[in-house]
Amino acid sequence: MKSGDKKAMRGDSDQIIHLDYRDFGRWKVEKFARYVDNLLLARRNVDLHTFRLHWDPHVPLNCNDVRKWIRYAVNHKVKVLDVELCMYDKTNLPPGIFTCRSLEDLNLQWSGAPFRDYEHKGLVLPDIIKLPSLRKLTLRDVEVHELPLESFIARSPGLEDLHLIDSAVCLEHIKSKALRRLTIDGSMYGPDRMTISAPNLISFECTGFSLEDIVWRDQPSLESAHIDTCGRTFGGESRFTGVLVHAKKLALFGCDIKVCVMLENELPTCSVFENLVTLEIGEWHLTKDFYVLLHFLQLSPRLEELTLMHKQLDEAEETEGMPTDGMTFQCPLLKSVTIQYSEGDDGIDKLVDVLVANGISSDKISVTSYEDIKKRAFAEEARAEEERPKKKRAKKNPDWEDDDSDEQSNPDDPSGDEYDPDDF
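Residues numbered from 1 in each chain as written. Predicted model: local features only at pLDDT ≥ 70, side-chain atom pairs only at ≥ 80, totals over all residues. Heavy atoms only, no water.

- An unreviewed UniProt entry lists the protein chain under the name At1g61320/AtMIF1 LRR domain-containing protein, with Aegilops tauschii subsp. strangulata as the source organism.

## Considerations on the overall build of the protein chain
- Assigned secondary structure in the protein chain consists of 9 helices and 19 strands.
- Out of the 424 residues belonging to the protein chain, those deemed buried represent 48%.
- At a minimum sequence separation of 6, the contacts of the protein chain that also span at least 24 residues come to 65%.
- Counting only carbon and sulfur atoms, one obtains 44% of the accessible surface of the protein chain, whose full area is about 21,100 Å². (Helix = DSSP H or I, 4+ residues; strand = E, 2+ residues; numbered from the N terminus. Buried < 20%, exposed > 50% of the residue type's maximum accessible area, 1.4 Å probe, protein only. Contact = heavy atoms within 4.5 Å. Areas by Shrake-Rupley, 256 points an atom, 1.4 Å probe, with all protein chains shown as cover.)

## As for the packing of aromatic side chains
- Under the criterion given, the structure shown has 11 aromatic pairs.
- Arranged with centres 5.7 Å apart and planes meeting at 80°, the rings of Trp27 and Tyr35 form a pair that is edge-to-face.
- Relative accessible area serves as the criterion here: at 2%, Tyr35 is assigned to the buried category.
- Ring plane angle 35° and centroid distance 4.3 Å describe the contact between Phe32 and Trp55, whose orientation is recorded as tilted. Residue Phe32 is found in helix α2 (residues 29–41), and its partner Trp55 is found in the loop between β2 (50–54) and α3 (63–75); the two are separated by 23 residues along the sequence. (Phe/Tyr/Trp six-rings, centres within 6.5 Å; stacked < 30°, edge-to-face > 60°.)

## Examining the pairing of strand β7 (residues 142–145)
- In this sheet, β7 lies alongside strand β5 (residues 123–124) in parallel orientation, the contact comprising 2 bridges. Along β7, the bridge assignment pairs Val124 with Glu143.
- Here β7 runs beside strand β8 (residues 161–170); their pairing, made up of 3 bridges, is parallel. Within β8, the residue paired with Glu143 across the bridge is Ala168.
- Read as a crossover between parallel neighbours, the route from β7 over helix α4 (residues 146–155) to β8 is right-handed. (Pairing = 2+ DSSP bridges. Right-handed = clockwise from strand over helix to strand, strands pointing away.)

## Remarks on the nonpolar core
- Ranked by internal contacts, the top residues of the largest apolar core, which has 108 residues, are Phe51 and Phe204.
- Counting residues domain by domain, this core receives three or more from each of domain 1 (14–167) and domain 2 (173–313 + 329–383).
- The residues contacting Phe204, other than those within four sequence positions of it, are Leu182, Ile184, Ile196, Ile214, Trp216, Leu222, Ser224, Ala225, His226 and Phe240. (Core = buried A, V, L, I, M, F, W, Y, C linked by side-chain atoms within 4.5 Å. Domains from an automatic or database assignment.)

## Section: helix α8 (residues 348–357)
- Taken residue by residue, α8 has Ile348, Leu351, Val352, Val354 and Leu355 as its buried positions. Viewed end-on, α8 has its buried residues packed into an arc of 160°, placing them on one side of the element. Away from its buried face by more than 90 degrees, α8 exposes Asp349, Asp353 and Ala357.
- Check the buried side of α8 and you find it contacts α7 (290–298), β17 (305–310), β18 (336–341) and β19 (365–369).
- Gly359, located one to two residues past α8, shows a positive phi value of around 95°. (Arc of directions from axis to C-beta.)

Set out below in structure tokens:
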């Protein structure tokens, strides 16, 4: 493998191509496109395992080039296709992707339908879907209807991971015995409720949905769950703690404390969380919701890691919660407690005092403001950018010379993988 190619790939095999805009400095889009064309031309006789393209959200690529590269990957029996773009110029996703028999892992995150398309809430899946080898599917900004999803499940018998992110979901039923991990993130329109029948599910992430809108059938025993609810207050019609009680890891967030209301209704009759090791709670006012927090800790005897993200109440909000007099808990295995809060909130001291009074050493408790967290994250991101290689990879590739002119390069590819507008 040539030295210049190594820089474009995360791995030591020429079956893996990883193209990340951060590795190309200030290259113009045209120069980058010529580079990729020549990179693929050099590998025209080799099947691909992975084609990964992550592009700058501020500098869009020519979508004809993207379709050409995807067609190349599909024709070379790609197993992992991972493409993240800032913009796509068509409403319909390329149909050729969805009949690739070799594809095992598909990740398409293309930032929604073109802004002039007022008829669609997201990118549109093709009518024909047949991916017999597919095991993991991730789609962002996509319209998801019943028939396409049924095609994925029926014609991809090994599909274990399904992740729908920032998507417009119009589903009445998700039914699969093979499904192990499910993410639904976005908004639901059409049906009033969605039923999930996935008895072997072990991981569930739900963002943007009201818990009232989800009904469980063939209830699974989840090992991990991340729930960030919105919408109406949970009414308790569907008992949600039943799918959570065997989890090892839980993250519970709730706009206007919807999750808290659900727990307040269900915890008094809930079983002990015997397996729970990691608990993360966010968007609660921890002093107002103290009763629910303490009750949860009472039911979590094997807890090792606890993260509490405090939400400061507005002055007009009600601050009185349920009484907690005499409530205690025991978490003898607890190794660390992280509390995050906004500067100026004086309710945290009470929380720390209660934790210490219940046997948690102050040395295990870390209190950090959101402002400090943002500063550290910004500094780490800046340091990571500085550590990226600064030499342009093309100069190290003796087989490719580019005068950086604006003239487009069109390599003569004898393998016949040119862009076909009928498929892409």
